[in-house]
Amino acid sequence: MDNLWRDEDAEHVVEAYAQKGVNRDLALRTYTTRLLGGEPRLVLHGGGNTSVKTTMQDLLGDTYEVLCVKGSGWDMGTIEPAGLPAVKIAPLLKSRKFEKLSDEDMVTLLRANLIEISAPNPSVEALLHAFLPHKFVDHTHSTAILAIADQAESRAMSEDLFGKKMGFVPYIMPGFALAKAAAEVFEQDPSVEGLILDKHGIFTFGETAKQAYDRMIHYVTLAEDHVRRNGRHPFTPAALPKTLATPGEIAPMLRGAVAFDRGEGRYDRMVSVFRTSPAILDFVNAAEVEDMAARGVSTPDLSIRIKTGPMVLPAPAADDLASYRAVIDARVAAFVNDYTRYFQENDARDDLKRIMLDPMPRLTLVPGLGMFGHGRTLKDAGIAADVGEMWIEAARDAESVGRFQPVSRPDLFDLEYWSLEQAKLAGARPKPFTGQVALVTGGAGAIGAAVAEAFAAEGAHVVVLDLDGERAAAVAKTVGNQSIGLACDVTDPMSVRASFEKAVEAYGGVDIVVSNAGAAWESPIATMDDALLRKSFELNFFAHQSVAQNAVRIMKEQKTGGVLLFNASKQAVNPGAKFGAYGLPKAATLFLSRQYALEHGADHIRVNAVNADRIRSGLLNDAMIENRAAARGLSVKDYMGGNLLGLEVTADDVARAFLHQALAERTTADVTTVDGGNIAAAMR
Ligand code: ZN
């Protein structure tokens, strides 16, 4: 592993922070923490921490010896000094005399001794850092070190490889007991330069930031070299079908199967991220893949990301897709049974009566293709996939030099159901559409953009489609929530299909579709050019049909229901003079919504339409509004408010109606008017 320390970079960081009142120790601590945190083979999504012992003044100007240790919620790769809260060290050292200290009391002790009361919680490994005497202490869950620590004979292998330079600490869950045990191992031989924590990771320490960091890179490199020199390829390739299905073909089925069924047509859905690479394929295509997956996670805190380990599917044959969903369902059921048994057996060891987390897999290995990470958000799904890649590397390397034997299930359970880990997860409250994917056509227009914003605000990842791909991308960026914008010509069935395929590629499927794109042309009906009417039907009717067909196809593969919403317009029920070209296809689209509602209620796909009128948009721009108001002898305000309420109706009002229809779980075949009240257009 490359040593990234550069004297000039370190001094630059020290100078930059000196201007902000940060001392040299903490500046250098920040510098090497970032070096460690930027390397996924050392630190991945929270797996690691660092500290420095220095002095600091409190508000009164009294100087204290403090431990600045990584705080929770900070990413080591981008950490700032504020992410290394200072804790008075003397009270922490006093606690070592205790026989036991509960996790809650440990947090109390740490928080009570913070210099800054608003600082984040110090790491749960803070006491371990405190009990070691060295100025700088670095801790990572290095993938290469795990290849040595996740062995049946890990102690012997560690001693062979590192000799007396590294202490060896048997597995204990992080917290007070581990802190004491690690300090005792160190004190047996204070000449060690670090500690290997069995089934967990590595600590190195030193008197300078550079020394602790150099040692980390040195011992990680020793482990890497050992695997490279002595490892033999541990797998035999399994037979695969002649022609494999594609990831896109199985993604909606898999996504539907891993949604947590809460009953009565309600689901906690997840999005999926697909990953593949030569290293992933080498692993998932091995005959041993199920055996490896069953052995567990490479370091225990991965359990909060991928539970007890990955689920493994059989390779999907292209010519047997019809039966593949049943195969996935059976594998998911087996995973859920196994997880439930793991929970029940371990929960029964004491009388704490914990509540079981949802038992659905977070990582799925698919021979022939690669792997899928699943998560309630795209970010979480990506983390599951990142973690999966490092798990594969650690498991393969461990197996290549011995036998991969990671942390046991009871130990894993203690960590997964550890009160402090549970507290970390409790913070994230789901929104109504968390885990759902909403797709909106005409997404760069006033109504489409308002719809995208409304659904993203309620937790959905939004696929914004528009003829203008750049504007669609801009809307997606504005609404946030890891939404995407794509160019799509809704009148071209190939373009529509390709857009849905991209939605599946990005998120694994689709749950809510708002078919909104439309345009109006004015012409008297008796003299109308046929070409104009046909053009309007292409956009205002056939495009809706093509969008709906794709939506239903994917929703039926997911088998978790769905929502299909149409922008039908007031013209569908209340014709306006010269608006025949618009009203005729819109009337057909209103009928279309009812036809879909009728035929797909049994699939739990709800289908509704919104009749909006007189909304400022591309269809009704300011110049048109002024002309029409003038033609009626009205002011713009009176024209726009020409309804029962006497108030202008906005794109946001239309978006709220779509949102309402998506939220109303027992509403289908509904038409909602958003026109400020128009008796002639009222539904009867
Ligand atoms: Zn750790």
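Whatever comes next refers back to the structure up there.
The present account deals with the structure reproduced in this document. For clarity, every value in this text was computed on a predicted model and none was experimentally measured.

1. Here we look at the nonpolar core
Consideration 1: Grouped together as the largest cluster of nonpolar side chains are 78 residues, with contacts concentrated most on Phe162, Ile196, Phe283, Leu365 and Trp391.
Consideration 2: Split by domain, the residues of this core number at least three in each of domain 1 (7-230) and domain 2 (247-426).
Consideration 3: When neighbours within four sequence positions are excluded, Phe283 is seen to be in contact with Phe235, Val289, Met292, Leu365, Trp391, Ile392, Ala395 and Arg396.
Consideration 4: Formed by 61 residues, the second largest nonpolar core is a distinct cluster that contains Phe335, Val463, Phe541 and Ala568.

2. Looking at the coordination of the zinc ion
Consideration 1: Within the protein, Glu125 (OE), His139 (NE2), His141 (NE2) and His200 (NE2) serve as the donor atoms for the zinc ion, at 2.1 to 2.7 Å.
Consideration 2: In this structure, the zinc ion is surrounded by 4 donor atoms whose angles at the metal cover 81 to 164°, and the resulting shape is irregular.
Consideration 3: Mapped onto the sequence, the residues coordinating the zinc ion show the spacing E-x13-H-x1-H-x58-H. One end of the pair, His139, is in strand 4 (residues 136-140); the other, His200, is in the loop between strand 6 (194-197) and strand 7 (201-206), and 61 residues separate them in sequence. Each member of the pair His139 and His200 is classed as buried.

3. Remarks on the sheet that holds strand 12 (residues 363-366)
Consideration 1: Taking strand neighbours across the sheet as the criterion, the 4 strands line up as 10-13-12-11 in an open arrangement whose pairing is mixed. The open sheet has two free edges, formed respectively by strand 10 (271-275) and strand 11 (311-312), since each of these has just one partner strand.
Consideration 2: Pairing of strand 11 with strand 12 involves 2 bridges; the strand directions are parallel. When the sheet's bridge partners are listed, Val312 is paired in strand 12 with Leu365.

Calculation notes
Residues numbered from 1 in each chain as written. Predicted model: local features only at pLDDT ≥ 70, side-chain atom pairs only at ≥ 80, totals over all residues. Heavy atoms only, no water. Core = buried A, V, L, I, M, F, W, Y, C linked by side-chain atoms within 4.5 Å. Buried < 20%, exposed > 50% of the residue type's maximum accessible area, 1.4 Å probe, protein only. Domains from an automatic or database assignment. Contact = heavy atoms within 4.5 Å. Donors = N, O, S within 2.8 Å, 3.2 Å for Na, K, Ca; no water. Tetrahedral: all angles 85-135°; square planar, octahedral: opposite > 155°, others 65-115°. Helix = DSSP H or I, 4+ residues; strand = E, 2+ residues; numbered from the N terminus. Pairing = 2+ DSSP bridges.

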